[in-house]
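Observations on the model geometry
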2 protein chains.
Amino acid sequence: MAATSPDLMSTIVSLCKRRGFIFQSSEIYGGLNSCWDYGPLGVELKRNVKEAWWRAMVTNRRDIVGIDASILMHPKVWEASGHRAGFSDPLVDCKQCKMRFRADHLDNIEKCPSCGGALTEIRKFNLMFKTFMGPVEDDSATVFMRPETAQGIFVNFLNVQQASRLKPPFGIAQIGKSFRNEITPGNFTYRTREFEQMEMEFFVPPADDRYWYDFWKETRRSWYIEYGIRPENLRLREHAPQELAHYAKGCADIEYLFPFGWSELEGIANRTDFDLKRHSEASGKSLAYFDNDSNRHYFPFVIEPAAGADRAALAFLTDAYDVDKEDNQRVILRLHPALAPIKVAVLPLVKKDGMPEKAENIYRDLLDHSITSFYDQTSAIGRRYARQDEAGTPFCVTVDTQTLQDDTVTIRDRDSREQYRVAATQIVGAITEKLSGKRQ
Amino acid sequence: MAATSPDLMSTIVSLCKRRGFIFQSSEIYGGLNSCWDYGPLGVELKRNVKEAWWRAMVTNRRDIVGIDASILMHPKVWEASGHRAGFSDPLVDCKQCKMRFRADHLDNIEKCPSCGGALTEIRKFNLMFKTFMGPVEDDSATVFMRPETAQGIFVNFLNVQQASRLKPPFGIAQIGKSFRNEITPGNFTYRTREFEQMEMEFFVPPADDRYWYDFWKETRRSWYIEYGIRPENLRLREHAPQELAHYAKGCADIEYLFPFGWSELEGIANRTDFDLKRHSEASGKSLAYFDNDSNRHYFPFVIEPAAGADRAALAFLTDAYDVDKEDNQRVILRLHPALAPIKVAVLPLVKKDGMPEKAENIYRDLLDHSITSFYDQTSAIGRRYARQDEAGTPFCVTVDTQTLQDDTVTIRDRDSREQYRVAATQIVGAITEKLSGKRQ
């Protein structure tokens, strides 16, 4: 167990607010417990994390397609999945010392085991948020905000398979919000009641489940490293048999060494054929796959890599955090260029002599080539470099006096601090090459 | 008023299911009223619509930044915004004929004005979905699922302005889910209880509000045309004074001629300084902007272009729908290439003679250049072209016998039906040029 770093965590929370990565939700009203808003830099970081996942899991794979199911689903979905029954705890509170207990963990539900005070009535506590659809607030109108995106994939299994004409092994991927009424949220954006998932259900012939379970464990672990997480801060933890959900044949967590300790980033589970069978029974509509080759129906097994987009973003941010000890403890976010909110900052050295116009043209040209850029002509150049280092921008392009003479600019590399000149006409090519080079 | 086309609507709904654009949510359980799931083609279309909006509204503009606020916000936000009080109707039902009435519209709340039957008690009906945060289901734990993304922008106004160092005129943009407990949802994905918004709040000096109101009306109208909506199917409808919300100084709808008639795609409103002032009063934290030049605080006016991502996707899909009357009524989706789920389909003419391997290489090369592609080697080539036309794919690349001799391939254009040969080494360049050419 590594030592935790509460100081590092609060430094990152403070950086996130100051630079506009993450704000407390409804902050002017005192905040809403465990809800967070992504600011201008944070929204771009998270968009890039999701895009990198989608590219690796959907766009670049012939065997996986995406969907986007609604957050509100039919209540029977959660009965079949087991969330109605299994996601619910009975709670009691001590009226005297205010401690809270699970009623099913107490021998005596009259008196507080801590102080002997009287306990409240048992209150049901299901981790699903419930709401009412339609004008009447009663049981018949109760619907739930999904606690996981996975069920949206299972109930659409045959529709997707038939429309896409895919055969196992194939996968269905989804990115979207889920909601869990956690009793103990915390650790910044790590454990929140509203969160965004990146889940993929990979449907395989039952005999091939071990191969694909191992394949996805390694493939997903590599993804985090490809995008910049240091391997020593990542580990794969196989669950012990007693940790497994009753329907799971295997499960492993990809854990990251957060400042608050090793914590799960993503789980890879062998869910067997549990979900497809349960929904077939509950709905009366078989979700079995018909295999032309063997001329029979069967229920595929499911290997599920389920990641958290907020957790991934927080891990990439934390791992990228660095301080230049030789230069006033300046912060440098060494984000992978594909994840960096801004790829290139274009900076005229001074606000005169035609430098802003030249810089503006370069900025527009970068945008025209789909390179997300930022234009800044305020304050001293050193201060502007420092601001870009702190925002994680991998490259700065500076227009200076020499530019006006020979049409060359300086490109500054965030990590090496190297500066070198290239012809203004070559900037897009040079940056494109650097971005794709860093991506390897 | 144009004639409506119920047949066209049901044809589109049917196409959406068959090809995997849109499925009914929880279909195997009989569906959930007004909720829809995007399938493999639909999720890509909607992603492209949102990406086109983000690019136009955030990435390509120096004066606008993005945020991503949480769906669950502090309940005081909705008191200050007026949604707690103003978004609520009292309803009664007739126990006999089951008709429903707004109680405040009845002279007599005892007897049904239609059949004379007895009425139920008055039930409160607020369009906001409510839920309970924390383990206790009572009023103190009640929170709401946001009915609009705009308020997440207003409460973050000063945090964003300060972190981004922006001065009015500047904007804050957001894409995200909102929820309204509509009494009468309908028209496929047009009016749903769960929907995705693309909203931007543009903060301007009060004296400049008219200029920016006109600017955004025209800019947003042009956006739909740029991405393929025929101008004759689009109109701008200025609201009459009596239609305006009490705080609004002006409002205009961009309407599209859907098969069910002219309907709103997007609203552009001059919300004045209402929201920033209301949240300042309610929170006790001033959201006034400090202007260095005049050395005084003021509340900017807000011009808001608020679009629906689902409505935009449905409009683009509807407008792209075409039928080839001379060829078996084949469906062709003439989607703008930037919105098309697949940009290029790579098709080996036959499944032998090395054609699949060659096609696979071309497919991988396109993916490496971030061109979303699809590989298909099943069935006759004509049938595969037809399937791609129906999916809206603008280009097909075919590997045939001649490819094996001179390393050229056929590129087929969806709209012109032209086919011409290019060297295999030139495919990426040719497609890139076509995609950017069509984008102009």
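This is a predicted model, so every value here is computed, not measured.

This part is about the overall build of chain A. Helix and strand content of chain A: 13 helices and 24 strands. With the C-alpha coordinates aligned to their principal axes, the bounding extent of chain A is approximately 80 × 65 × 50 Å. Expressed as a percentage of its 440 residues, the buried residues of chain A come to 60%. The contacts of chain A with a sequence gap of at least 6 include a subset with a gap of at least 24, amounting to 64%. Positive and negative side-chain charges in chain A, numbering 58 and 62 respectively, have mean positions lying 2 Å apart.

What follows concerns the packing of helix α2 (residues 40–59) of chain A against helix α2 (residues 40–59) of chain B. Two elements in contact, α2(A) and α2(B), have axes whose closest approach is 14 Å; the angle formed by their N-to-C orientations is 150°. Between α2(A) and α2(B), the interaxial angle falls into the category roughly antiparallel. Relative to α2(B), the crossing made by α2(A) is left-handed. Contacts between α2(A) and α2(B) involve Val43(A), Glu44(A), Arg47(A), Glu51(A), Trp54(A) and Val58(A) on the former and, on the latter, Val43(B), Glu44(B), Arg47(B), Glu51(B), Trp54(B) and Val58(B). Its residues placed into classes, the contact of α2(A) with α2(B) shows six nonpolar, no polar and six charged.

This part takes up the relation of the copies chain B and chain A. With an axial shift of 0.0 Å and an RMSD of 0.1 Å, the rotation relating chain B to chain A amounts to 180°. Here the transformation between the copies is reduced to the relation of a two-fold axis. When C-alpha distances to the rotation axis are compared across chain B, the minimum falls at Thr131(B), with a value of 2.6 Å.

This part takes up the domain arrangement of chain A. All names here are of chain A. Entries for chain A in the domain assignment read domain 1 (8–79 + 139–318) and domain 2 (342–435). One C-alpha centre belongs to domain 1, the other to domain 2, and the line joining them spans 38 Å. Contacts between the two partners involve six residues from domain 1, matched on the other side by five residues from domain 2. Approximately 490 Å² of surface area, both sides summed, lies buried where domain 1 meets domain 2, with 42% of it carried by carbon and sulfur atoms. Taken together, the links from domain 1 to domain 2 amount to two salt bridges.

So, about the interface of chain B and chain A. Contact with chain B, which involves 90 residues of that partner, is made by 90 residues of chain A. Regarding the contact of chain B and chain A, the summed buried area is about 7,500 Å², with carbon and sulfur atoms giving 54% of it. On the chain B side of the interface with chain A, the three residues burying the most area are Ile28(B), Tyr29(B) and Arg62(B), jointly 11% of the side's total. Summed over the shared surface of chain B and chain A, the number is six salt bridges. Notably, a salt bridge pairs Arg47(A) with Glu51(B), separated by 3.1 Å at the nearest N-O pair.

Attention now goes to the packing of aromatic side chains. Tallying each qualifying case throughout the model produces 46 aromatic pairs over all chains. A centroid spacing of 5.6 Å and a plane angle of 55° characterise the contact between Trp223(A) and Tyr227(A), whose relative ring orientation is tilted. Comparing Trp223(A) with Tyr227(A) shows no difference in burial state: the two are buried. Seen in terms of ring centroids, Phe154(B) and Phe203(B) are 6.4 Å apart; in terms of plane orientation they differ by 85°. Their pairing is edge-to-face. Placement of the pair is Phe154(B) in helix α5 (residues 150–155) and Phe203(B) in strand β11 (residues 194–204), with a sequence separation of 49 residues. A relative accessible area of 0% means that Phe154(B) is categorised as buried. Directly above the ring of Tyr190(A) sits Arg311(A), whose terminal nitrogen or CZ lies 3.9 Å from the centroid.

Here the focus is the confidence of the model for chain A. On average, chain A scores 94 in pLDDT, and the residues at 70 or more come to 98%. Across the whole predicted complex the pTM is 0.94, and at the interface the ipTM reaches 0.94.

Evaluated as defined, the whole model comprises 81 salt bridges over all chains. Ionic pairing is found between Asp209(B) and Lys249(B), a salt bridge with its closest N-O pair at 2.7 Å. Remark: Lys249(B) occurs in the loop between β12 (234–238) and β13 (250–258) and Asp209(B) occurs in helix α7 (residues 209–226); sequence separation between them is 40 residues. With relative accessibility at 3%, the residue Asp209(B) sits in the buried group. Residue Arg330(B) is joined to Asp327(B) by a salt bridge in which the shortest nitrogen-to-oxygen separation is 2.8 Å. Its relative accessible area of 16% is what places Arg330(B) among the buried residues. Several salt bridges converge on common partners, so that one network encompasses Arg235(A), Arg237(A), Glu243(A), Asp253(A) and Glu255(A).

This part is about the sheet that holds strand β8 (residues 130–132) of chain A. All names here are of chain A. The strand order across the open sheet formed by three strands is β4-β9-β8, and the pairing between neighbours is antiparallel. On the outer flanks of this sheet lie β4 (72–73) and β8, each paired with one strand and no other. Judged from the two bridges that link them, β4 and strand β9 (residues 142–145) form a sheet pairing that is antiparallel. From the neighbouring strand, Leu72 faces β9, where its bridge partner is Met145.

Turning to the nonpolar core, a few remarks are in order. In this structure, Tyr224(A), Phe316(A), Tyr224(B) and Phe316(B) are the most contacted members of the largest nonpolar core, which totals 120 residues. Once you skip the residues sitting within four places of it in the chain, Phe316(B) turns out to touch Val49(B), Trp223(B), Tyr224(B), Tyr227(B), Ile229(B), Leu335(B) and Leu339(B).

A separate point is unusual backbone geometry. Residue and element names in this part refer to chain A. For the peptide bond that leads from Pro168 to Pro169, omega is 0°, which places it in the cis range. Considering the arrangement of structural elements, one finds Pro169 in the loop between α6 (157–164) and β10 (170–179). Positive phi, close to 70°, is recorded for Ser34, a residue that is not glycine. Mapped onto the secondary structure, Ser34 falls in the loop between β1 (22–24) and β2 (36–38).

This part is about the state of the cysteines. Under the counting rule described, the total for this entry stands at zero disulfides over all chains. We note that Cys35(A) lacks a disulfide partner, and the nearest cysteine sulfur, in Cys16(A), lies 16 Å from it.

Moving on to helix α7 (residues 209–226) of chain A. Residues and elements named next belong to chain A. End to end, α7 covers 25 Å across 18 residues, agreeing with the expected 26 Å (1.5 Å per residue, within 8%). The complete set of buried residues in α7 reads Asp209, Trp212, Tyr213, Trp216, Lys217, Arg220, Trp223 and Tyr224. Down the axis of α7, the sector holding all buried residues measures 140°, keeping them to one side. Exposed residues lying more than 90 degrees from the buried face of α7 are Arg210 and Tyr211. Gly228 sits one or two positions beyond α7 and adopts a positive phi of about 110°.

Residues and elements named next belong to chain B. Its place among the elements puts Asn126 in strand β7 (residues 123–126). Within the structure, the side chain of Asn126 is placed 3.4 Å from the backbone oxygen of His83, a separation counted as a polar contact. Polar contacts involving the side chain of Asn126 include one to the main-chain carbonyl oxygen of Arg84, which spans 3.1 Å. Here Asn126 is in contact with His83, Arg84, Phe87, Ser88, Asp89 and Asn181, once residues within four sequence places are set aside.

Another aspect to go through is the pairing of β13(B). All names here are of chain B. Buried residues dominate β13, accounting for eight of its nine residues. One ladder, built from five bridges, connects β12 with β13; its direction is antiparallel. Of the residues in β13, the one forming a bridge with Glu238 is Ala252. In this structure, β13 lies alongside strand β14 (residues 261–272), joined through nine bridges in antiparallel fashion. When the bridges of β14 are listed, Ala252 appears paired with Ile268. In textbook terms, the turn of a hairpin is the stretch between consecutive antiparallel strands, and for β13 and β14 this stretch comprises two residues.

Calculation notes
- Residues numbered from 1 in each chain as written.
- Chains lettered and ligands numbered in written order.
- Predicted model: local features only at pLDDT ≥ 70, side-chain atom pairs only at ≥ 80, totals over all residues.
- Heavy atoms only, no water.
- Helix = DSSP H or I, 4+ residues; strand = E, 2+ residues; numbered from the N terminus.
- Buried < 20%, exposed > 50% of the residue type's maximum accessible area, 1.4 Å probe, protein only.
- Contact = heavy atoms within 4.5 Å.
- Lys, Arg positive; Asp, Glu negative; His and termini not counted.
- Charge placed at Lys NZ, Arg CZ, Asp CG, Glu CD.
- Axes fitted to C-alpha atoms, helices over the stretch in contact; angles between N-to-C directions.
- Parallel < 35°, antiparallel > 145°, perpendicular 65-115°, else oblique.
- Left-handed = near helix turned anticlockwise from the far one by under 90°.
- Nonpolar A, V, L, I, M, F, W, Y, C, P; charged D, E, K, R; others polar.
- Least-squares fit on C-alpha atoms with pLDDT ≥ 70 in both.
- Domains from an automatic or database assignment.
- Buried area = accessible area lost by both parts, 1.4 Å probe.
- Salt bridge = Lys/Arg side-chain N within 4 Å of Asp/Glu carboxyl O.
- Phe/Tyr/Trp six-rings, centres within 6.5 Å; stacked < 30°, edge-to-face > 60°.
- Lys NZ or Arg CZ within 6 Å of the ring centre and 35° of its normal.
- pLDDT = per-residue confidence, 0-100.
- Pairing = 2+ DSSP bridges.
- Core = buried A, V, L, I, M, F, W, Y, C linked by side-chain atoms within 4.5 Å.
- Disulfide = S-S within 2.5 Å.
- Expected span 1.5 Å × (residues − 1).
- Arc of directions from axis to C-beta.
- Polar contact = N/O pair within 3.5 Å; in protein donor to acceptor, adjacent residues only side chain to side chain.

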